[in-house]
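Structural overview
These are the residues of each chain, in order.
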Amino acid sequence: MTGAAIRVSEIFGPTIQGEGVLIGQPTVFVRTGGCDYRCSWCDTLHAVDSEYREEWLPMSVDDVWSEVKLLSGGVPLTVSLSGGNPAIQPLGPLIDRGHSEGYRFALETQGSVARDWFASLDVLVLSPKPPSSGMETDVARLDDCLSIAAGGPMTVLKIVVFDDRDYAYAKDIARRYPAWPVYLQPGNHTPPPPEDDSATVDIDGIMNRMLWLVDKVTGDKWFDARVLPQLHVLLWGNRRGV
């Protein structure tokens, strides 16, 4: 066994990355359990809500890596570390293990917890949460995350947008951090309950929000922003494990 145990909600793939800078890229996902946030529109409550903590398995690096190798057939690809908030888990040794075998690692976090091992990632997606989430952004902690990652991984900002307040928040974040690419994502207002991943998705509503967001960005001549959907939601709805 290597390092401290990692609390794992699920490991699945290979599938495609459904959002952000690596959209469409073949990926194995390691979804950790536990989060220091509770966003109002969270679509992964099974990895966030403490009600489900008994389902989060404490796994050694060796055990996690054996599962990743099995799913990928031993062919190096990108491993996405997600959650919950994966930054609260001891993932440094797992990243080192995978790198030694040619795998790449991407992590998405809200930027509320900074870890030294961020510098070892290949891709860091910082996704501070907008007003519609009900959460507050601690910009000092976000600064810490960016400082640790400087000169290391490809680092981008990704912000979910539901409404005008969220859009204004995204523009404020972009102004504060002009050196980092910004990805905007229309929010899914029909996230699944943890016990039912077959819940109906309002695709038309999501696409209307995306069209609105494209119009906002182009109308404001915010040409540095990238607007992308959650591709996995368009393909599979709220289904887990894809």
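The rules behind the values
- Residues numbered from 1 in each chain as written.
- Predicted model: local features only at pLDDT ≥ 70, side-chain atom pairs only at ≥ 80, totals over all residues.
- Heavy atoms only, no water.
- 1 Å grid on protein atoms, 1.4 Å probe; cavity = no way out; pocket = protein on both sides within 12 Å on 5 of 7 lines; lining within 4 Å.
- Points joined across faces, edges and corners; volume = space filled by probe spheres on them.
- Nonpolar A, V, L, I, M, F, W, Y, C, P; charged D, E, K, R; others polar.
- Helix = DSSP H or I, 4+ residues; strand = E, 2+ residues; numbered from the N terminus.
- Contact = heavy atoms within 4.5 Å.
- Pairing = 2+ DSSP bridges.
- Axes fitted to C-alpha atoms, helices over the stretch in contact; angles between N-to-C directions.
- Core = buried A, V, L, I, M, F, W, Y, C linked by side-chain atoms within 4.5 Å.
- Buried < 20%, exposed > 50% of the residue type's maximum accessible area, 1.4 Å probe, protein only.
- Phe/Tyr/Trp six-rings, centres within 6.5 Å; stacked < 30°, edge-to-face > 60°.
- Salt bridge = Lys/Arg side-chain N within 4 Å of Asp/Glu carboxyl O.
- Parallel < 35°, antiparallel > 145°, perpendicular 65-115°, else oblique.
- Left-handed = near helix turned anticlockwise from the far one by under 90°.

**Topic: empty space enclosed by the protein**
Within this structure, the stated rule accounts for 2 cavities of 30 Å³ or more. Taken as a whole, the second largest cavity holds about 40 Å³ of empty space. What lines the second largest cavity is simply Pro186, Asn188, Ile206, Pro229, Gln230, Val233 and Leu234. Taken together, the residues that form the lining of the second largest cavity break down as 5 nonpolar, 2 polar and no charged.

**Here's the deal with the environment of phenylalanine 118**
Mapped onto the elements, phenylalanine 118 comes out in the loop between β5 (104–109) and β6 (123–126). Sequence spacing of phenylalanine 118 and isoleucine 95 is 23 residues, and the spatial spacing of their C-alpha atoms is 9.7 Å. In this structure, phenylalanine 118 is in contact with Ala87, Leu107, Thr109, Val113, Leu124, Cys145, Ile148 and Pro153, ignoring residues within four places of it in sequence.

**Describing the sheet that holds strand β1 (residues 6–16)**
Consider a sheet: its strands pair through backbone hydrogen bonds, and that pairing is either parallel or antiparallel. Within the open sheet, the 9 strands sit side by side as β3-β1-β2-β4-β5-β6-β7-β8-β9. Their pairing is mixed. Pairing within the sheet leaves two strands with one partner each, and these edge strands are β3 (57–59) and β9 (225–227). The sheet shows a mean angle of 30° between the axes of neighbouring strands, direction not considered. With respect to the sheet, helix α1 (residues 61–72) is in contact with β1, β2 (26–32), β3, β4 (78–82) and β5, its orientation differing from that of β1 by roughly 15°. Sitting on the sheet, helix α4 (residues 164–176) touches β7 (154–161) and β8 (182–186), and the angle it makes with β7 is about 160°.

**Describing the nonpolar core**
The biggest cluster of nonpolar side chains holds 47 residues, and the ones touching the most others in it are Leu81 and Leu184. Here this core takes 5 residues from α4, the largest share from any one element. In this view, leucine 81 contacts Val30, Pro86, Leu91, Leu94, Ile95, Phe105, Ala106, Leu107, Glu108 and Leu121; residues no more than four positions away in its chain are not counted. Judged by nonpolar contacts, the second largest core, of 8 residues, contains Cys42, Leu45, Val48 and Val160.

**Things to note about the packing of aromatic side chains**
This model, assessed by the stated rule, comprises 8 aromatic pairs. Ring geometry for phenylalanine 12 versus phenylalanine 29: centroids 5.0 Å apart, planes at 10°, classification stacked. Here the residue phenylalanine 12 occupies a position in strand β1, and phenylalanine 29 occupies one in strand β2, the gap between them amounting to 17 residues. When its relative accessible area of 8% is taken as the criterion, phenylalanine 29 is described as buried. Centre to centre, the rings of tyrosine 167 and tryptophan 222 are 5.8 Å apart; their planes meet at 70°, and the pair counts as edge-to-face.

**Concerning the pairing of β1**
Where β1 lies against β3, 3 bridges are found, and the strand directions are antiparallel. Across the sheet, the residue bridging to valine 8 is leucine 57, located in β3. Pairing between β1 and β2: 6 bridges, direction antiparallel. Across the sheet, glutamate 10 pairs through a bridge with arginine 31, a residue of β2.

**Thoughts on the pattern of salt bridges**
Across all of its chains, the model carries 14 salt bridges by this definition. With its nearest N and O atoms 2.8 Å apart, the salt bridge here joins glutamate 101 to lysine 69. Of this pair, glutamate 101 sits in the loop between α2 (92–99) and β5 while lysine 69 sits in helix α1; the two residues are 32 residues apart in sequence, bridging distant segments of the chain. Classification of glutamate 101 by relative accessible area gives partly exposed; the value is 28%. In this structure, the salt-bridge partner of lysine 158 is glutamate 108, at a minimum N-O distance of 2.8 Å. Here glutamate 108 lies in strand β5 and lysine 158 lies in strand β7, a separation of 50 residues in the sequence. For lysine 158, a relative accessible area of 2% corresponds to the buried category.

**Brief notes about the packing of α1 against α2**
Close contact between α1 and α2 brings their axes to 10 Å; oriented N to C, the two are set at 45°. Put simply, α1 runs oblique to α2. Crossing angle aside, the handedness with which α1 passes α2 is right-handed. The segment α1 lies against α2, with Val61, Asp62, Val64 and Trp65 engaging Pro93, Leu94, Arg97 and Gly98. Its residues placed into classes, the contact of α1 with α2 shows 5 nonpolar, 1 polar and 2 charged.

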